[in-house]
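Here are the chains, one letter per residue:
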Amino acid sequence: MYPKTLKHPAMAPSYEKIAQMSALPLWEILGDVVGDEPVPMGTPHIWPYAAMRDVLLDAGQRISAAEAERRVLALKNPALERPGISQTLFAGLQLVLPGEVAPSHRHSAGALRFVLESTGGYSAVEGERCVMRRGDLITTPSWTWHDHENTGTGPLIWLDGLDVPMVNFFGARFGEELGQEQQPILRPDDASVSRWASGMRPHDQHHEQPWSPILSYPYERSRAALFAAAAGATPNPQHGFKMTYSNPMDGGHILPTIAAFLQHLPAGFESAAWRSSEATVFVAVEGEGTAQIGDSQISFGESDIFVAPNWSVIRLQARRDLVLFSFSDRAAQQRLGFWREDTALSD
Ligand SMILES: [Fe+2]
């Protein structure tokens, strides 16, 4: 706890007594408590999709979705003790096989799902089925019932992103099972898209919760919006063409804790360096490229997942036309007022 070289050695004889009183001399450790700038927590890392998929499908042969409750391979940051992909985010790859249902439950942790492989299926959220196609983003806000079903002929696999480490940090972990496999369906499939995602909102409906009323952001629409915005535009030096999935009520993020983004980097694009106080999880939807994150050089292709810890310097390069999905803890940091980005880094 104390530095090797004490700043105030004359006080050293008192330190044992201070420790016995469960106190600390802040004058010795001030830099560890407040500090001038963040230290990245965790390490950059990549989880290649093909290898992860093999292990997941093997688990599918041995454990049913009902037995597992959730058949998920959690992506653990190698430099962190707890099962998070970053200090603040949990990520996992989830598999539901044809005919299987992952039974209904709810928890205080909020979640998003980014679909990587589907021949048919849906995530039911709070009385509504959200159809799952590759590239679709589906949210499961805090304390909403959710179950998942594969109605296709092949594996249904998606990337889970949750704010579990944040919820656990606050000691606010609650959860319960519904006690039946599937929740009652109250509205047409993808009703939240037709009701809230047209640029209009229902005159007689209110939405007071701190998350987007849109539960599904279909890839076809998101991709079209991204490429329409990119057409004829100049790419941002750090981010290329980048769109934020937004809450139509206030233009904010989709969840109070987690922000999500879709970006396009044209083949050959090399980004300028930047860093921000958020930890970000990336997955390539289309194309391939490289990421320089801190001292790590990462090559990635379609469906590979990689993480950039907070305040690590990032450079992205597109080998082929890239579409990258990402999510981060920016939503929580901005709500709490301490999110920062630094784009004034020299290459
Ligand atoms: Fe869940």
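Rules behind the numbers
- Residues numbered from 1 in each chain as written.
- Predicted model: local features only at pLDDT ≥ 70, side-chain atom pairs only at ≥ 80, totals over all residues.
- Heavy atoms only, no water.
- Phe/Tyr/Trp six-rings, centres within 6.5 Å; stacked < 30°, edge-to-face > 60°.
- Helix = DSSP H or I, 4+ residues; strand = E, 2+ residues; numbered from the N terminus.
- Buried < 20%, exposed > 50% of the residue type's maximum accessible area, 1.4 Å probe, protein only.
- Lys NZ or Arg CZ within 6 Å of the ring centre and 35° of its normal.
- Donors = N, O, S within 2.8 Å, 3.2 Å for Na, K, Ca; no water.
- Pairing = 2+ DSSP bridges.
- Axes fitted to C-alpha atoms, helices over the stretch in contact; angles between N-to-C directions.
- Salt bridge = Lys/Arg side-chain N within 4 Å of Asp/Glu carboxyl O.

(A) Structural context of the packing of aromatic side chains. The tally for this structure, following the rule as stated, stands at seven aromatic pairs. Ring plane angle 10° and centroid distance 4.0 Å describe the contact between Phe 114 and Phe 325, whose orientation is recorded as stacked. You can see Phe 114 sitting in strand E5 (residues 111-117) and its partner Phe 325 sitting in strand E21 (residues 322-328), a full 211 residues away along the chain. Ring centres 6.4 Å apart and planes at 40° place the aromatic pair Phe 325 and Phe 327 in the tilted group. The exposure class of Phe 325 is buried, given its relative accessible area of 0%. In this structure, Arg 223 is placed above the aromatic ring of Phe 227, and the distance from its NZ or CZ to the ring centre is 4.3 Å. Positioned over the ring face of Phe 261 is Lys 242, at 4.7 Å from the centre of the ring.

(B) Local environment of the coordination of the iron ion. Here the iron ion is held by the protein donor atoms His 105 (NE2), His 107 (NE2) and His 146 (NE2), which lie 2.1 to 2.2 Å from it. Along the chain, the residues donating to the iron ion fall in the pattern H-x1-H-x38-H. One end of the pair, His 105, is in strand E4 (residues 101-107); the other, His 146, is in strand E9 (residues 146-150), and 41 residues separate them in sequence. The pair His 105 / His 146 is uniform in exposure class, with both members buried.

(C) Region of the structure containing the sheet that holds E9. Pairing in this open sheet of five strands is antiparallel, and the strands run E7-E6-E9-E4-E11 from one edge to the other. Of all strands in the sheet, those with a lone pairing partner are strand E7 (128-131) and strand E11 (175-177), marking the two edges. Across this sheet, the average inter-strand angle for adjacent strands is 25°, counted without regard to direction. In terms of strand pairing, E4 meets E11 through three bridges, oriented antiparallel. Following the sheet pairing, His 107 is matched in E11 by Gly 175.

(D) Just the pairing of strand E6 (residues 121-125), in detail. The buried fraction of E6 amounts to five of the five residues, a majority that puts the element mostly inside the structure. Residues of E6 alternate between two faces, with Gly 121, Ser 123 and Val 125 on one and Tyr 122 and Ala 124 on the opposite face, all of them buried. The pairing of E6 with E9 spans five bridges and is classified as antiparallel. Of the residues in E9, the one forming a bridge with Tyr 122 is Glu 149. Sheet topology places E6 next to E7; four bridges connect them, and they run antiparallel. Note on E7: the bridge partner recorded for Ser 123 is Cys 130. Counted along the chain from E6 to the antiparallel partner E7, the turn is two residues long, and its residue Glu 126 has a positive phi close to 50°.

(E) Just the sheet that holds strand E13 (residues 241-244), in detail. Spatial strand order, E1-E19-E16-E21-E14-E13: six strands in an open sheet with antiparallel pairing. Each edge of the open sheet carries a strand with a single partner, namely strand E1 (45-47) and E13. Averaged over all pairs of adjacent strands, the angle between their axes in this sheet comes to 25°, without regard to strand direction. In this sheet, E21 lies alongside strand E16 (residues 280-286) in antiparallel orientation, the contact comprising six bridges.

(F) Looking closely at the pattern of salt bridges. A complete count under the given rule lists 14 salt bridges for this structure. The partner of Asp 58 in a salt bridge is Arg 62, with the nearest N and O atoms 3.0 Å apart. Taken as a pair, Asp 58 and Arg 62 lie in helix H3 (residues 49-62) at a separation of four residues, close to a single helical turn. Residue Arg 330 is joined to Glu 278 by a salt bridge in which the shortest nitrogen-to-oxygen separation is 2.9 Å. Remark: Glu 278 occurs in the loop between strand E15 (275-276) and E16 and Arg 330 occurs in helix H8 (residues 330-336); sequence separation between them is 52 residues. For Arg 330, a relative accessible area of 14% corresponds to the buried category. Judged by relative accessible area, Glu 278 falls into the buried class, the value being 4%.

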